[in-house]
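Per-entry structural report
One-letter residues, chain by chain:
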Amino acid sequence: MKTPSKVSKSPSTSKGPKESGLTGAQYVAVAKSTAQLGSSIADYAAEAERTEQVKAQSLRDMHVSNNDVQIAHYKLTERKDELSVERMKEENARQAADNSHQRWMTSHESREETAKILREKLKQGIITEQELLILQNLYAPASDK
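Notes on the structure in this doc start here. It should be emphasised that the depicted structure is a prediction, and the values quoted were computed from it without experimental measurement.

Cut-off values and rules
Residues numbered from 1 in each chain as written. Predicted model: local features only at pLDDT ≥ 70, side-chain atom pairs only at ≥ 80, totals over all residues. Heavy atoms only, no water. Helix = DSSP H or I, 4+ residues; strand = E, 2+ residues; numbered from the N terminus. Expected span 1.5 Å × (residues − 1). Buried < 20%, exposed > 50% of the residue type's maximum accessible area, 1.4 Å probe, protein only. Contact = heavy atoms within 4.5 Å. Axes fitted to C-alpha atoms, helices over the stretch in contact; angles between N-to-C directions. Parallel < 35°, antiparallel > 145°, perpendicular 65-115°, else oblique. Left-handed = near helix turned anticlockwise from the far one by under 90°. Nonpolar A, V, L, I, M, F, W, Y, C, P; charged D, E, K, R; others polar.

Attention shifts here to helix H2 (residues 24-124). Taking 1.5 Å per residue as the helical rise, H2 with its 101 residues ought to reach 150 Å, and the 146 Å between its terminal C-alpha atoms agrees with that figure. The complete set of buried residues in H2 reads Glu-112, Ala-115, Leu-118 and Arg-119. Contact partners of the buried residues in H2: helix H3 (129-137). Taken from the residues just after H2, Gly-125 is the one with a positive phi, measuring 80°.

Structure representation (structure tokens):
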């Protein structure tokens, strides 16, 4: 077998504990720090997940609240419309009552005037039989002024 004429020693990539310059206590401290870092990263990930869950729940609550507001607004608008219709009905009923009263007043005044004219004719003795029947059928007020 041939022997190599020149054997090169390649530098070793793994250094032993004596070559690294770290003591056992330092290795323990690095291990503890690494464990704390891992724990902190896990805590951060858990907190980030919890934050996302809270954010998602807040968005759901906000949508529910917004829906509640929209429903309340719809009900309010509906009630306002109902009240508006009721108000218009009441206004129409009042107007009809006013018109009816005005017709009655006009009719009453007309009867009073007709009765007054016919009584005057009766006093003068120039009333006809038909006018006398009309006078008897008309409303006669309690006092003649």
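Let's pick the thread back up.
Further remarks concern the packing of H2 against H3. Where H2 meets H3, the axes come as close as 10 Å, and the angle between the chain directions of the two elements is 130°. Relative to H3, the element H2 is oriented oblique. You can see that H2 and H3 cross each other, and the crossing is left-handed. Contacts between H2 and H3 involve Ala-115, Leu-118, Arg-119, Lys-121 and Leu-122 from the former and Glu-131, Leu-132, Ile-134 and Leu-135 from the latter. Class assignment of the residues belonging to the contact of H2 with H3 gives a composition of 6 nonpolar, no polar and 3 charged.

Summarising the element assignment, Glu-131 is placed in helix H3. A relative accessible area of 18% places Glu-131 in the buried class. Residues in contact with Glu-131, not counting those within four places in the same chain, are Leu-118, Lys-121 and Ile-126.

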